[in-house]
Amino acid sequence: MRGLGGRVSRRLLITGAFAALGAAPAPASAASAMGMGGTAGTVGTAGGGGTAGTAGARRWSSRPHGTVLRAAPASVSLGRRTVRTWTYNGLLPGPLIEATAGGRVRARLVNALPAPTTVHWHGIRIALPMDGAPGYSQQPTQRGEHFDYDFTVPDAGTYFYHSHVGTQLDRGLYGPLIVHDPHEPLGYDAEYTVVLDDWLDGLGGTPDDALNRLNASMDHDDTLRSPLLGGVTAEMRHPYYLVNGRAPDAPTTFTGRPGRRVRFRVINAAADTPFRLALGGHRLTVTHTDGFPVAPVIVDTILIGMGERYDFLVTLGSGTFPLVALAEGKGGRAFAVVRTSGTALPPPSDAEVPELNRRLLKYQDLYARSVDQLPRPGRTVTVTLGMNDSGNEWTLNGKLASDPMRVRVERGETIRVILDNKSPMWHPMHLHGHTFQLRVSDRGGPRKDTVNIKPRERLSVDVLADNPGEWMFHCHNLYHQEQGMMGTLGYGPAPRGGGHTGHTAHTGRGKRSGKRPARR
């Protein structure tokens, strides 16, 4: 392997340190539409109603007639650049959807795209027919057709929704889903929803073009590295990194008052980018991960993988402060501003944030409430994360999505899944239809649905089999998923003719020719 700054064979990475019906609105950032900012918009609760009183005083529910998500091509402003992409309702991110735990969400997907699509409700313990998993829970909704999603949301927390067909997530087909606790125990004055993303669509190509380049190449940019993730962090650099659809040159601004207690809900909707996030001049009291409460822990910065969500509380100081999400290992950043003074100058987008290099949240810091502890497992299975010799095929137990690994469970049992990462990169592994408990010690650990596992690392997660079906289990690096890292957790005997039809077309098998470098 060549040193930092060169390009290396992928195979040689092994040796490295590894809604209501209506017309779509005019093109815009969804930040202002959701009460989440814009270039200088006032930000209040997730519902956009100014600053709220004590959390929990207001009861939330989805609209009685539902939300319409119209998936269609649109032009959106990232700041100084306007791009053509695919969005829901012409917004980036898509419309904020809110509900109360135990309530229902109704959403009609109207497909005005030139391709089939679905909506997956990420992190929700959902009924299988509503999961939006093509080839498992539904067939993709075809162009000109619609599909009605109608489901109960059992758990309060921070979630999001996105397309689960091909590389569509790396366009603009995603949005936040906030499920409020009717008995919210936390006291705070307002909440800010922060959606992080990496962006390339409409800037010299599409995500499909990017995937085709990955499949055709034997090289990897060796500068995409971070010790926090055990070496190589990503497949590519994206031209922009966004907060609520805005680039650093025209950042989202969250406004509040000094001394107010604010809840931040942070969602990483990116395709290929982990972010290290901090708020200049503030410490973060982390209260939730992937929707579930944890014993509060005070840190300076958090590392959030694709598909993960974190909630934290902050008491706002007086002035303007940089909210920075470093694109870990990529040399870029997403950037927003938190303003509590009308006269203070805004921080520059390259402002130094010392908190980024101070106390980092670790999984070992996080513990679920006693009520959220899962039963001890009755048996253990191992899932090995690997990479084929081609260098662009990522596997689970040696299998690709076209012939997926299947972990069989029986209803009512708890199993321990040991994730053994023998591949040369880290992976954010996500399980549909369930949450699991990450076992960080004998005391347990946090409840999650997405977990980051570094190369040469083994993690144990306990899964309670209480939601029958055939459920996707996959890497939430979109490009690894498309290159094969997709398996199944299924109940009882495997269904006949079972197979996944939505994520097999882009695997790299057979894409390359010529002599490949020897493994070292």
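Structure shown above.
Here the residue numbers are simple positions, counted from 1 along each chain's written sequence. Totals for whole chains, interfaces and linings use every residue, but because this is a predicted model, local features are given only for residues with pLDDT of at least 70 and side-chain atom pairs only at 80 or more, for both listing and counting. Only hydrogens and water are set aside when side-chain values are computed; all heavy atoms of the structure are taken into account.

A. Fine view of the pattern of salt bridges. The rule for a salt bridge is simple: a side-chain nitrogen of Lys or Arg has to be within 4 Å of a carboxyl oxygen of Asp or Glu. Within the structure shown, the criterion is met by 30 salt bridges. Here Asp150 ties to Arg106 by a salt bridge, and the two come within 3.9 Å at their closest N and O atoms. In this pair, Asp150 sits in strand 9 (residues 146–152) while Arg106 sits in strand 7 (residues 104–111), placing the two residues 44 residues apart along the sequence. Burial classes follow relative accessibility: with a 1.4 Å probe on protein chains only, a residue under 20% of its type's maximum area counts as buried, one over 50% as exposed, and anything between as partly exposed. Taking the relative accessible area as the measure of exposure, Arg106 reaches 28% and is therefore partly exposed. The salt bridge involving Arg265 is made with Asp311; its shortest N-O contact spans 3.5 Å. A residue pair is termed long-range when its members are at least 10 positions apart, and Arg265 in strand 18 (residues 261–268) and Asp311 in strand 23 (residues 309–315) qualify at 46 residues. The burial state of Arg265 is the same as that of Asp311; both residues are buried. Through salt bridges with shared partners, a single network forms among Glu184, Glu191, Arg263, Arg265 and Asp311. Only DSSP runs of H or I reaching four residues or more are called helices, and only runs of E reaching two or more are called strands; each is numbered from the N terminus.

B. Highlighting helix 2 (residues 207–216). For helix 2, the set of buried residues is Pro207, Ala210, Leu211, Leu214 and Asn215. All buried residues of helix 2 project into a common sector of 135° when viewed along the axis, lining one side. Seen from the open side of helix 2, the exposed residues pointing more than 90 degrees away from its buried face are Arg213 and Ala216. Residues of helix 2 that are buried in the fold lie against helix 3 (478–482). Directions pointing from the helix axis toward each C-beta atom define the arc. Contacts were defined at the residue level, with two residues in contact if any of their heavy atoms lie within 4.5 Å.

C. Seen up close, the side chain of Asp420. Within the secondary structure layout, Asp420 lies in strand 29 (residues 414–421). Nitrogen and oxygen atoms within 3.5 Å of one another constitute a polar contact, given that in protein one can donate a hydrogen and the other can accept it, and given that sequence-neighbouring residues count only through two side-chain atoms. There is a polar contact of 3.2 Å between the side chain of Asp420 and the side chain of Arg458. If we ignore the near neighbours within four places in the chain, the residues touching Asp420 are Thr382, Val383, Thr384, Leu385, Ile453, Glu457 and Arg458.

D. Region of the structure containing unusual backbone geometry. Residue Pro93 is reached from Leu92 by a cis peptide bond, and omega for that bond is -10°. Backbone geometry at Asp290 places phi at a positive 50°, although glycine is not the residue there. Secondary-structure assignment places Asp290 in the loop between strand 20 (284–289) and strand 21 (292–299). For Asp290, a relative accessible area of 0% translates into the label buried. For Asn397, which is not glycine, the phi dihedral falls at a positive 50°. Secondary-structure assignment places Asn397 in the loop between strand 27 (394–396) and strand 28 (406–409). Assessed through its relative accessible area of 36%, Asn397 is described here as partly exposed.

E. Expanded view of the pairing of strand 19 (residues 275–279). Counting buried residues in strand 19 gives five out of five residues, a clear majority hidden from the surface. In this description, strands pair whenever DSSP reports at least two bridges between them. Of the strand pairs in this sheet, strand 19 and strand 22 (residues 302–304) are connected by three bridges, and their pairing is antiparallel. Along strand 22, the bridge assignment pairs Leu277 with Ile302.

F. Just the side chain of Glu98, in detail. Considering the arrangement of structural elements, one finds Glu98 in strand 6 (residues 97–100). Within the structure, Glu98 has its side chain in polar contact with the side chain of His180 (distance 2.9 Å).

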